[in-house]
Amino acid sequence: MNFIRTLVFASLLLSACSASVGDIPPTPVIPSEGMDQPEVPFEAFLTPSPEPFQFSLPLPGAEPITNWRPPLYPVPWAVSPHDHFYFIRPIAADQTNWPNADYRYGGVFFGINVVHTGVDIPSPEGTPIMAAGPGTVVWAGWGLFRETPGDETDPYGLAVAIRHDFGYRDQQLYTIYAHMSEMNVVLGRRINAGDIVGFVGATGATTGPHVHFEVRLSGNSFFYTYNPELWIAPPQGWGVLAGRVMDTRGRLLTSFEVTVQSEENGQTFITRTYGVGGAVNPDPYYNENLVLGDLPAGIYKVSFRFEDRLRQTWVEVFPGQVAYFTFTGERGFSSERPPVPTLDFLPVTPTSQP
């Protein structure tokens, strides 16, 4: 019975709906805007876009500050009796901390008769500069080059000088840090090796941010500078090459291009000889006019042209030591090291007779 009632109610409802729809006029069809456009050709005949398909790729990360290199030997380091690697480098090991190869000690600035009395270590502005050894700050401010305190036109810019607690051959040692953006020490402060004395900048006469580093012996003046690459410790397993290049009469050849090539991997280094005298001084023992630091231990070919002939020799660089050679014109090369200094400073003690 209930089923019949439901069926009747549905029939009545459908009848009512049919009557209502029939009374309402149909909604007019509005033609779309695209109906008047030409028919789209088959997809296979579509002309490809002239713009290439492009991907959105993530940008590469920041470049590493420096390639890894071995840690430095602990200082003071002196394997052979006449070497004296007494100093650490003024820039930390995780930064670029090696000298600019194109402007070493004794170089001449862009042809101008201004000799370079130190090494330049390029580094971003604001990089901390560390003391190379313990000592006392004896200069902090402008005017170091001209020795005129407060001179803001001084070529060294903001600079710090340290008188170290140790010397060499009974003479005082100093180190210099120039072109700072900011100092971190005051005059008279006691410091240890590795203490931050300031930050890399571009003050003074410079083409970009770097630290100009000097080693001075016996006097705190640029007339007493020595090649820093013979004083700062090399990376472990690496060494230093020093040479004295002369003509047949024993006169030093200056600004003489020398090629040093590794026999192991072919890596090539170019350096130049420097003169001596004035503000450039040779090492008390090696009496050199050429130094190339940071060389991995191994065999190297040293070559250059002299009087229109190619001259070459081979030297072995030992870890933590200075390799040495001389060239004397037509007499050629020699690896004989300088003679050992005599002990003439010792008092003569007569031998007792039995």
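Residues numbered from 1 in each chain as written. Predicted model: local features only at pLDDT ≥ 70, side-chain atom pairs only at ≥ 80, totals over all residues. Heavy atoms only, no water.

### Some thoughts on the pairing of strand β5 (residues 171-183)
Here is step 1: Across 7 bridges, the pairing between strand β4 (residues 158-168) and β5 is antiparallel. From the neighbouring strand, Ala161 faces β5, where its bridge partner is Ile176.
Here is step 2: Pairing geometry for β5 and strand β8 (residues 210-217), over 6 bridges, is antiparallel. Looking at β8, one finds that Thr175 is bridged to Val215.
Here is step 3: Across 3 bridges, the pairing between β5 and strand β7 (residues 196-200) is antiparallel. Within β7, the position partnered with Met180 by the bridge is Val200. (Pairing = 2+ DSSP bridges. Helix = DSSP H or I, 4+ residues; strand = E, 2+ residues; numbered from the N terminus.)

### A look at empty space enclosed by the protein
Here is step 1: Tallying each qualifying case throughout the model produces 1 cavity of 30 Å³ or more.
Here is step 2: A volume near 40 Å³ is recorded for the largest cavity.
Here is step 3: What lines the largest cavity is simply Arg89, Pro99, Glu229, Ile232, Pro234, Val240, Gly293 and Asp294.
Here is step 4: Residues of the lining of the largest cavity, tallied by class, amount to 4 nonpolar, 1 polar and 3 charged. (1 Å grid on protein atoms, 1.4 Å probe; cavity = no way out; pocket = protein on both sides within 12 Å on 5 of 7 lines; lining within 4 Å. Points joined across faces, edges and corners; volume = space filled by probe spheres on them. Nonpolar A, V, L, I, M, F, W, Y, C, P; charged D, E, K, R; others polar.)

### Side note on the sheet that holds strand β16 (residues 322-328)
Here is step 1: Taken in spatial order, the 4 strands line up as β13-β10-β16-β17 in an open sheet, and their pairing is mixed. The strands lining the two open edges of the sheet, one partner per strand, are β13 (290-296) and β17 (333-334).
Here is step 2: In the sheet, β16 pairs with β17 via 2 bridges, with the strands oriented antiparallel. When the bridges of β17 are listed, Phe327 appears paired with Phe333.

### Brief notes about the pattern of salt bridges
Here is step 1: Counted according to the given criterion, the structure contains 9 salt bridges.
Here is step 2: Between Arg309 and Glu330 there is a salt bridge, with the nearest N and O atoms lying 3.8 Å from each other. One end of the pair, Arg309, is in strand β15 (residues 309-317); the other, Glu330, is in the loop between β16 and β17, and 21 residues separate them in sequence.
Here is step 3: Look at Arg309 and you get partly exposed, because its relative accessible area is 47%.
Here is step 4: Arg311 is the salt-bridge partner of Glu330, the closest N and O atoms lying 3.2 Å from each other. Placement of Glu330 in the loop between β16 and β17 and of Arg311 in strand β15 is noted, with a sequence separation of 19 residues between them.
Here is step 5: A relative accessible area of 44% places Glu330 in the partly exposed class.
Here is step 6: Residue Arg311 is classed as buried on the basis of its relative accessible area of 8%. (Salt bridge = Lys/Arg side-chain N within 4 Å of Asp/Glu carboxyl O. Buried < 20%, exposed > 50% of the residue type's maximum accessible area, 1.4 Å probe, protein only.)

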